[in-house]
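Survey of secondary and tertiary structure
If you want the building blocks of each chain, they are given just below.
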Amino acid sequence: MSVIKSVACVVFSLVCSCSPSGGVTTNLTAYQKQVMAYFDAVALGFEFGNAPEVTRKWREDLRIFVGGNPNEALMLELAEIIAEVNALTTDGFDIGITTDTLESNGYIFFGSGKDFVKRFAPAAPHVDSNFGLFFVNYDGSDYIYESIIYVDIFRANPDAQKHLLREELTQSLGLARDSPQYDDSIFQRDWTLVTSYAPIDRDLIRLLYHPAMPAGIEKKGVDEILGKLLPELRIGE
């Protein structure tokens with residue numbers, strides 16, 4: 001069984017300060033505390049590299065250009081994922097698909113690792129051991145402005161392709177880390193064929209793409225924000 005890992009490639013980093021936090025979990029339910037802990041585990045930093053462990057998210061809308069050899073099932077799956085994410089965001093962020101490369105700031109490639117490397121050379125060290133990858137660029141304020149995603153359609157079977165598409169696209173939104181918790185989560189560290197968001201995954205997307213959650217915030221500041229947002233949004237109730 002192959003274990004697929006996501007790789008994040010980043011170009012800018014900035015350590016940001018945050019407000020002191022105290023007693024933020026006092027009025028939270030047990031589930032809300034789990035969501036806070038999971039958000040901290042998944043949304044701060046990347047699996048690889050030395051980037052600061054802060055929040056990162058898109059500020060501008062994401063417009064995806066699809067390349068390679070996608071089939072109808074993958075395009076339908078992509079449309080479904082986009083619709084699900086757009087229904088969860090409340091800060092104005094929106095994902096769409098474009099056929100104009102000049103309009104795009106996101107690229108999804110369906111094909112072989114060899115062909116992907118021809119289009120994106122930095123992936124060369126990673127494609128042999130990964131069926132799916134994502135790369136993002138972000139600015140000095142930790143807002144993501146570009147993403148590149150690879151899904152192998154030759155080594156991965158159809159269910160695995162759908163899983164990889166959902167995982168890599170979601171992680172490229174700023175929920176970039178894996179976790180050993182929650183077997184039904186798209187962020188599960190071990191290899192799974194999960195092709196839908198767990199309830200806690202949806203909550204993480206809602207929280208990251210809420211107007212009250214900025215980019216560039218470390219754990220203490222994040223927990224302070226979540227301590228207010230979780231009850232306000234009645235997460236888990």
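Higher on the page you've got the structure.
Given the structure is predicted, the values throughout are model-derived calculations rather than measurements. (Residues numbered from 1 in each chain as written. Predicted model: local features only at pLDDT ≥ 70, side-chain atom pairs only at ≥ 80, totals over all residues. Heavy atoms only, no water.)

Centre-to-centre distance and the angle between the planes together describe a pair of aromatic rings. Scanning the model with the defined rule gives 11 aromatic pairs in all. Ring geometry for F65 against Y107: centres 6.3 Å apart, planes inclined by 15 degrees, an arrangement best described as stacked. Linking F65 in strand β2 (residues 62–68) with Y107 in strand β4 (residues 106–111), this pair joins segments that are 42 residues apart in sequence. Using a relative accessible area of 22% as the deciding quantity, one classes F65 as partly exposed. Of the residues examined, Y107 reaches a relative accessible area of 21% and is grouped as partly exposed. (Phe/Tyr/Trp six-rings, centres within 6.5 Å; stacked < 30°, edge-to-face > 60°. Helix = DSSP H or I, 4+ residues; strand = E, 2+ residues; numbered from the N terminus. Buried < 20%, exposed > 50% of the residue type's maximum accessible area, 1.4 Å probe, protein only.)

It is worth spelling out the packing of helix α2 (residues 72–88) against helix α5 (residues 199–208) at this point. When two helices pack together, their arrangement is given by the angle between the helix axes and by the axis-to-axis distance. Running from N to C, α2 and α5 point in directions that differ by 55 degrees, and their axes come no closer than 8 Å. Taken as axis vectors, α2 and α5 run oblique relative to one another. Every residue of α5 that contacts α2 at E84, V85 and L88 is listed here: R202, I205 and R206. Classifying every residue of the contact of α2 with α5 gives 3 nonpolar, no polar and 3 charged. (Axes fitted to C-alpha atoms, helices over the stretch in contact; angles between N-to-C directions. Parallel < 35°, antiparallel > 145°, perpendicular 65-115°, else oblique. Contact = heavy atoms within 4.5 Å. Nonpolar A, V, L, I, M, F, W, Y, C, P; charged D, E, K, R; others polar.)

What follows deals with empty space enclosed by the protein. Applying the stated criterion across every chain yields a total of 1 cavity of 30 Å³ or more. Considered as a void within the structure, the largest cavity measures approximately 40 Å³ in volume. Lining the largest cavity are A43, G45, F46, V54, R56, F134, V136, I144, Q171, S172, G174 and A176. The residue makeup of the lining of the largest cavity, split by class, is 7 nonpolar, 4 polar and 1 charged. (1 Å grid on protein atoms, 1.4 Å probe; cavity = no way out; pocket = protein on both sides within 12 Å on 5 of 7 lines; lining within 4 Å. Points joined across faces, edges and corners; volume = space filled by probe spheres on them.)

In this structure, F39 and L204 are the most contacted members of the largest nonpolar core, which totals 60 residues. If we ignore the near neighbours within four places in the chain, the residues touching F39 are L44, T55, L204, L207, L208, M213, V222 and L226. Of all hydrophobic cores here, the second largest spans 9 residues; its members include A123, L133, F135 and Y150. (Core = buried A, V, L, I, M, F, W, Y, C linked by side-chain atoms within 4.5 Å.)

Counting buried residues along β4, 5 of its 6 residues qualify, which places the element largely inside the surrounding structure. Across 5 bridges, β2 lies against β4 in parallel orientation. Note on β4: the bridge partner recorded for I64 is G106. Pairing analysis gives 6 bridges linking β4 to strand β6 (residues 143–152), with the strands arranged parallel. (Pairing = 2+ DSSP bridges.)

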